[in-house]
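# Summary of the model geometry
What follows is the residue order along each chain.
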Amino acid sequence: MIKNYIKTAWRNLWKGRIFNLMNIVGLSIAIACCTLIFLTVFYEFSYDKFHTNLKDIYQVYTISNRTGGAEKSSAMPVPFSPTLKAEYPAIKFISRSANAGALVKYGNKQIDQNIHFVDPDFLQMFSFPLVQGNAKTAMSDLNSIVITESSAKAIFGNEPALNKTVVLNIGNQEQPYIVSGVVKNIADNSSITFDILLRFEQIPWYQTEKDVWDNRSHSSLVQFKKGYNTGLFTKQLKPFVTKHFAQEIETLKRDGAKADAQGNVFSLAISPFSDNHFTTDLGGVEGNPISKTYPVSLVVIGCFILIIACINFINLSVARGFTRAREVGVRKTLGAGKWQLLSQFWTETIMVCLVSTLLGVVLCTLLISSFKAVFKSKISLGMMLQPAHLFGILAIFLLVTAVAGFYPALMMIRFKTVAVLKGNVTSAKPGKLRNTLLVVQFSLSTLLIICTIITWQQINYLQNKPLGYNKTEVLSLPINRGIIGEKALQLMRNELRSNNEVVAVTGAYMNMGRGNDGSLRTSVLGFGLEGREIRTNIQRVDYDYLKTLDIQLVEGREFDPKFAGDSTGIIINESMARELGGKNLVGTFLPMYDRQPKVQIIGIAKNFNFKSLHEKIDPLTLTMDKSYSINYIFVKAKPNSLVHAYDDIKKSWARQYPNAEFKGSWINENTERQYLNERRLSGIFVSGAVLAIVISCIGLLAISIMIVIQRTKEIGIRKVLGANVSGIIMMLSMDFVKLVLLASVIAFPIAWWLMDNWLQSFAYRVTIQWWVFALSTLLAIVMAFVTISFQSIKAALANPVKSLRSE
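Residues numbered from 1 in each chain as written. Predicted model: local features only at pLDDT ≥ 70, side-chain atom pairs only at ≥ 80, totals over all residues. Heavy atoms only, no water.

### Topic: the packing of aromatic side chains
Here the structure, examined in full by the defined rule, presents 32 aromatic pairs. Between the aromatic rings of phenylalanine 80 and phenylalanine 240, the centroid separation amounts to 5.6 Å while the plane-to-plane angle is 85°, which identifies the pairing as edge-to-face. Highlighted residues: phenylalanine 80 in helix 3 (residues 80-87) and phenylalanine 240 in helix 8 (residues 238-244), separated in sequence by 160 residues. Aromatic side chains phenylalanine 122 and phenylalanine 126 sit 5.1 Å apart centroid to centroid with 40° between the ring planes, which places their arrangement in the tilted category. A relative accessible area of 0% places phenylalanine 122 in the buried class. Classification of phenylalanine 126 as buried rests on a relative accessible area of 2%. Here the guanidinium or amino end of lysine 465 rests over the ring plane of tyrosine 764, the centre of that ring lying 4.6 Å away. Cation over ring: arginine 557 sits above phenylalanine 563, and NZ or CZ is 4.0 Å from the ring centre. (Phe/Tyr/Trp six-rings, centres within 6.5 Å; stacked < 30°, edge-to-face > 60°. Helix = DSSP H or I, 4+ residues; strand = E, 2+ residues; numbered from the N terminus. Buried < 20%, exposed > 50% of the residue type's maximum accessible area, 1.4 Å probe, protein only. Lys NZ or Arg CZ within 6 Å of the ring centre and 35° of its normal.)

Set out below in structure tokens:
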């Protein structure tokens with residue numbers, strides 16, 4: 001029986017090969033795209049899942065209910081973690097966490113490495129397996145370090161690493177350390193990455209901060225004992241907060257902080273480490289978290305494409321079904337039952353879906369490299385062979401087969417035998433379900449078009465909005481580890497002084513945007529003034545900073561080496577000036593540092609976007625305070641010789657530091673890197689919209705064929721009675737245009753709500769214009785009309801005598 005079904009199905013599929021080829025093309029493209037999309041989503045949600053104790057690990061953060069709203073921060077004071085563990089027995093392990101860079105010296109080798117400062121519990125909390133050493137004792141000694149396999153290979157080659165001594169240069173201080181363990185190389189889907197683990201007590205400023213509670217500098221990670229109700233922890237922390245953060249609470253109350261529903265102006269809370277990869281509202285989390293909007297958008301678009309493909313399959317199958325109505329009637333007359341017919345049609349569906357799935361997987365393997373390049377994804381072909389992913393592909397196959405195959409098969413077995421044999425089946429009016437499916441298809445397509453246009457507008461706005469400084473002619477040069485920033489700046493100044501293509505050179509603590517070193521720094525300082533707290537971002541700069549970046553002065557002057565007092569002076573931005581009162585500020589003094597002389601305001605700079613456009617311009621203070629290091633050199637070049645200047649600067653760096661990698665990049669490149677997620681989202685919407693429109697148009701073509709078949713006799717009669725070609729084309733097209741218009745009206749409010757919420761994440765954003773909706777509707781109508789026209793023109797030009805004879 002099954003063999004007979006397969007043979008019959010093959011004959012029928014071959015007979016309708018044009019329809020079935022359209023089905024296979026649409027489905028295989030959709031399955032390939034969905035596979036790539038869902039693999040990417042799975043990868044994003046797989047972050048940190050390899051940690052055995054993940055469900056018991058949390059990150060502690062503070063909530064300060066300031067007058068401007070609740071402010072969350074993961075930064076903690078140095079004595080916080082050991083004190084918390086001592087006072088709360090529910091905590092099994094705890095570790096402080098901070099990152100830095102170091103120059104590792106071994107023999108004649110000097111290698112840059114990423115340092116992760118942690119406490120001894122770290123290796124027992126997190127699943128970083130040791131291939132050499134013991135996790136319980138590897139971090140027990142202050143002078144011990146644990147390194148990764150790749151670091152061991154880079155430093156020692158093929159020599160065994162255990163118990164070897166290396167010299168680490170951290171903060172321009174050299175100290176020997178003994179390798180006490182080697183961990184396996186860290187997986188790509190890990191929030192925590194490092195080359196070397198070092199005891200937290202070895203961080204350069206530890207001794208000065210070990211008993212200080214009012215300076216927060218690192219994150220704290222805790223693991224609770226099995227079975228502990230973490231919901232109670234926050235409530236149990238109230239006495240701890242009152243005891244150790246009394247000064248912070250007093251400051252907040254003094255500044256008019258508003259208590260939350262529990263009566264707290266300052267409190268501690270915990271966030272599951274399993275959510276760390278998506279925790280973007282909490283500064284200082286491990287890794288580079290991304291917004292959940294990105295993977296969720298991927299899932300939604302993948303589902304959209306799959307739904308559109310299923311609708312397309314149904315419409316094509318229905319269109320094919322009308323040409324097979326007499327076949328069904330004859331088979332019923334000869335005794336075929338409903339289940340036999342259903343089995344036959346479903347066998348055909350399974351065969352088409354199976355071929356589509358296999359072709360989709362093949363197409364996926366061919367496209368994966370391009371997909372990874374465009375969307376910066378880290379998926380691999382090997383992921384497809386994992387049982388969970390194979391099951392997912394099988395589930396997609398079964399879902400498409402069940403959803404797309406049921407209605408067409410049911411429709412065909414419900415044909416009335418007598419009516420079919422009399423030829424009355426084609427006179428039926430268009431079904432409500434068919435029109436509903438078409439509306440759903442074009443609603444999703446229009447939705448994606450609107451999202452594409454608005455994301456493109458926002459990205460274009462981000463790229464072109466004036467930031468208040470020169471970003472096109474200034475080269476940002478990160479200073480490598482082990483190199484003293486001030487010395488490097490002076491050497492580059494001397495080296496480039498005679499270069500006619502260089503306008504100015506300066507240095508800074510923070511970069512503009514995200515450079516080739518991949519790091520983002522920020523430093524916020526709070527101090528009391530006239531009974532209230534003033535908070536400001538701090539940027540250490542050097543002479544010619546404003547000149548190099550073309551930042552305008554509103555009042556006062558820039559730092560000048562002719563004035564000895566400028567080394568303790570500051571320049572503030574307009575936001576900081578407003579915070580201080582706004583008038584006659586140049587020449588006044590501020591008590592910014594405890595136990596240090598007041599600093600004088602020598603100038604006020606015009607506001608500029610020193611952070612991404614996701615954030616408004618906060619108060620900023622420029623200082624030459626040497627307690628902040630110079631981490632970046634900025635070089636301004638003449639606009640007509642940027643390429644040549646870049647080459648000269650690179651050569652100058654190589655002469656001064658032949659063993660240090662040159663990581664220079666133009667600031668406009670740095671600022672664009674801040675919006676990688678937005679670019680990915682835009683690319684997703686563009687790709688999704690194109691695919692949705694293409695697949696929808698294939699389905700629309702099928703419907704137009706079906707309509708023409710149903711109305712062949714009507715068209716012939718109209719032509720005999722004098723109807724012209726254009727009139728017939730408009731008659732056949734208007735029904736579809738109305739449905740597309742209805743689809744657009746349905747898509748409008750959904751698209752507006754989605755994109756308005758997305759735009760809220762930007763402090764500076766475009767407004768949603770009415771013409772976006774009009775343009776998206778016009779595009780959908782044009783696409784639909786062009787698709788329908790092929791079949792409409794063919795029907796309108798057909799000989800009416802032939803049409804009437806065929807009927």
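Now that the structure is up, let's keep going.
### Things to note about the confidence of the model for the chain
On average, the chain scores 82 in pLDDT, and the residues at 70 or more come to 86%. Counted against residues more than four places away or in other chains, residues 426-430, with its pLDDT under 50, gives five contacts. (pLDDT = per-residue confidence, 0-100. Contact = heavy atoms within 4.5 Å.)

### Some words on the pairing of strand 11 (residues 216-224)
Burial analysis of strand 11 places seven of its nine residues in the buried class, the great majority of the element. As paired strands, strand 1 (residues 57-66) and strand 11 are joined by four bridges and run antiparallel to one another. Paired with tyrosine 58 across the strands is valine 222, a residue of strand 11. The sheet contact formed by strand 4 (residues 91-106) and strand 11 spans six bridges and is antiparallel. Each bridged residue has a counterpart across the sheet, and for isoleucine 91 the counterpart in strand 11 is phenylalanine 224. (Pairing = 2+ DSSP bridges.)

### Looking at the nonpolar core
If you look at the biggest cluster of nonpolar residues, it comprises 91 residues, and the most contacted ones within it are Tyr545, Leu549 and Phe634. Here this core takes twelve residues from helix 2 (residues 17-45), the largest share from any one element. Discounting chain neighbours no more than four positions away, the residues touching tyrosine 545 are Thr506, Gly507, Ala508, Met512, Gln539, Ile551, Glu558, Leu622 and Phe634. (Core = buried A, V, L, I, M, F, W, Y, C linked by side-chain atoms within 4.5 Å.)

### Observations regarding the pattern of salt bridges
Going through the model one piece at a time under the given rule, you end up with 21 salt bridges. Within the structure, one salt-bridge network assembled from shared partners comprises Arg96, Asp119, Arg199 and Glu201. (Salt bridge = Lys/Arg side-chain N within 4 Å of Asp/Glu carboxyl O.)

### Describing helix 9 (residues 246-254)
Within helix 9, burial applies to Glu248, Ile249, Thr251 and Leu252. Down the axis of helix 9, the smallest arc covering the buried residues is 160°, so these residues share one side. Exposed residues on helix 9 whose side chains face more than 90 degrees from its buried face are Gln247, Glu250 and Lys253. Looking at the buried side of helix 9, the elements it contacts are strand 1, strand 11, helix 8, strand 12 (266-272) and strand 16 (532-540). Just beyond helix 9, the residue with positive phi is glycine 256, at close to 85°. (Arc of directions from axis to C-beta.)

### Observations regarding unusual backbone geometry
Its identity is not glycine, yet aspartate 550 carries a phi of approximately 55°, on the positive side. Its location among the elements puts aspartate 550 in the loop between helix 17 (545-549) and strand 17 (553-556). Judged by its relative accessible area of 35%, aspartate 550 falls in the partly exposed class. A positive phi angle, near 50°, is found at asparagine 584, a position not held by glycine. With respect to the helices and strands, asparagine 584 occurs in the loop between helix 18 (574-580) and strand 19 (589-590).

### A closer look at helix 5 (residues 149-156)
Residue pairs three or four apart in sequence face the same way in an α-helix, which turns once every 3.6 residues. Those residues of helix 5 that sit buried are Ser151, Ala152, Ile155 and Phe156. One face of helix 5 carries all of its buried residues, which in axial projection span an arc of 100°. A positive phi of about 65° marks glycine 157, the residue just after helix 5.

### What about the sheet that holds strand 22 (residues 632-637)?
Taken in spatial order, the four strands of this open sheet run 14-22-13-23, and their pairing is antiparallel. Since the sheet does not close on itself, it has two edges, and those belong to strand 14 (502-508) and strand 23 (665-666), each with one partner. Examined bridge by bridge, strand 13 (residues 474-478) and strand 22 share five bridges and lie antiparallel to one another. Bridge pairing in strand 22 places valine 474 opposite lysine 636. Helix 16 (residues 485-496) rests against strand 13, strand 14 and strand 22 of the sheet, and its axis sits at about 175° to strand 14. Strands strand 13, strand 22 and strand 23 of the sheet are contacted by helix 19 (residues 642-656), whose axis makes an angle of about 25° with strand 13. (Axes fitted to C-alpha atoms, helices over the stretch in contact; angles between N-to-C directions.)

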